[in-house]
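Chain by chain, the residues:
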Amino acid sequence: MKRLDKFLADAGCGTRSEVKNVIRKGRAAIDGRIETRPEAKVTGEEEICVDGKPVCAGPEYVYYMMNKPAGVITATTDQKEKTVIDLLPDDLPGLSAVRKKKLFPVGRLDRDTEGLLLITDDGNLAHELLSPKKHVEKEYYAKISGELAEDAEERFQKGMDIGDDKPTLPARLTRISDSEILVVLSEGRFHQVKRMTEACGARVTYLKRIRMGNLVLPPDLEPGKSRPVSREAL
Ligand code: URA
């Protein structure tokens, strides 16, 4: 059960105080009966109308994946810089102005990092995907310069000291060529791929996240573009 004002706000009919006014003015109806109490309870099974038009509640949470381009910061708002939330088109399915204000990126990619970024209003999911205890894998493709130590794979696998309180959790390094690698992490420390690579003698010159848990960056999702993704795909 949900309060009517919350139901209408979640459905994108306005802010909580705007919908309270709408309800108090007698513009909302539950199953054909005018309801003027914002606190009236609904299950969502009723026919709920505003100004005679049915309101669709929409899903409880929304999930979008973005192919983050370089040059954009992973934040919700910023005074000077363009953020990933600024990049989301207003006409994405399920996205209302009210909903957009609640969205946040799950985890952080550096400004110069590209690739898969999940954006949602579901705080529990964010916790599940980011907690190092849950071991959700994040996979990166990187171009590197310099020479990686011969034992780099082993050092990634063992976990290494990169100047933090604790050594890193075990990670997987795969060499594609002398200048390209794949890295799989199960935590998300600041500049982690760059710092682990540097600790093994090379420098990351390009970085792109290509997978988070089960979710793979689709090859046809161009940088800067976003699309909805189902909860089950995560
Ligand atoms: N590791 C990094 O170094 N940078 C990122 O953006 C993500 C992982």
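Scoring rules and cut-offs
- Residues numbered from 1 in each chain as written.
- Predicted model: local features only at pLDDT ≥ 70, side-chain atom pairs only at ≥ 80, totals over all residues.
- Heavy atoms only, no water.
- Pairing = 2+ DSSP bridges.
- Helix = DSSP H or I, 4+ residues; strand = E, 2+ residues; numbered from the N terminus.
- Buried < 20%, exposed > 50% of the residue type's maximum accessible area, 1.4 Å probe, protein only.
- Lys, Arg positive; Asp, Glu negative; His and termini not counted.
- Salt bridge = Lys/Arg side-chain N within 4 Å of Asp/Glu carboxyl O.
- Polar contact = N/O pair within 3.5 Å; in protein donor to acceptor, adjacent residues only side chain to side chain.
- Near = heavy atom within 4 Å.
- Areas by Shrake-Rupley, 256 points an atom, 1.4 Å probe, with all protein chains shown as cover.
- Nonpolar A, V, L, I, M, F, W, Y, C, P; charged D, E, K, R; others polar.
- Domains from an automatic or database assignment.

Colleague: Lay out the pairing of strand β12 (residues 180-185) in plain terms, naming residues and giving numbers.
Modeller: Two elements, strand β10 (residues 138-146) and β12, share six bridges in a ladder whose sense is antiparallel. Note that in β12 the partner of K138 across the bridge is L185. Direction of pairing for strand β11 (residues 172-177) relative to β12: antiparallel, over a ladder of five bridges. For L173, the partnering residue across the bridge sits in β12 and is V183. Remark: two residues form the turn of the hairpin made by β11 and β12, two consecutive strands paired antiparallel.

Colleague: Go over the side chain of K138, please, and point to the residues and values.
Modeller: For K138, the position within the fold is in strand β10. Despite being buried, K138 has no salt bridge partner; E187 is the closest side chain of opposite charge, sitting 8.7 Å away. A polar side-chain atom of K138 sits 2.9 Å from the main-chain carbonyl oxygen of L129. A polar side-chain atom of K138 sits 3.1 Å from the main-chain carbonyl oxygen of V136.

Colleague: Account for the sheet that holds strand β6 (residues 53-54), with residues named and values stated.
Modeller: Sheet strands associate in pairs through backbone hydrogen bonding, adopting either a parallel or an antiparallel arrangement. Taken in spatial order, the four strands of this open sheet run β3-β2-β5-β6, and their pairing is antiparallel. Looking along the sheet, the strands with just one partner apiece sit at the ends: β3 (33-34) and β6. Across two bridges, the pairing between strand β2 (residues 28-30) and β3 is antiparallel. Bridge pairing links A29 to I34 in β3.

Colleague: How would you summarise the site of the ligand if you had to cite specific residues and measurements?
Modeller: Surveying the vicinity of the ligand reveals the residues L109, D110, T113, Y140, H191, Q192, V193, K194 and L207. For the ligand, a nitrogen atom lies 2.7 Å from a polar atom in the side chain of D110. The contact in question runs from an oxygen atom of the ligand to an N or O atom on the backbone of H191, over 3.3 Å. About the coverage of the ligand: the protein hides 97% of its 240 Å² of free accessible area. The element contributing the most residues to the shell around the ligand is helix α7 (residues 192-199), with three residues. A per-class count over the shell around the ligand returns four nonpolar, three polar and two charged. Both domains that furnish three or more residues to the shell around the ligand are identified here as domain 2 (63-131 + 218-233) and domain 3 (137-212).

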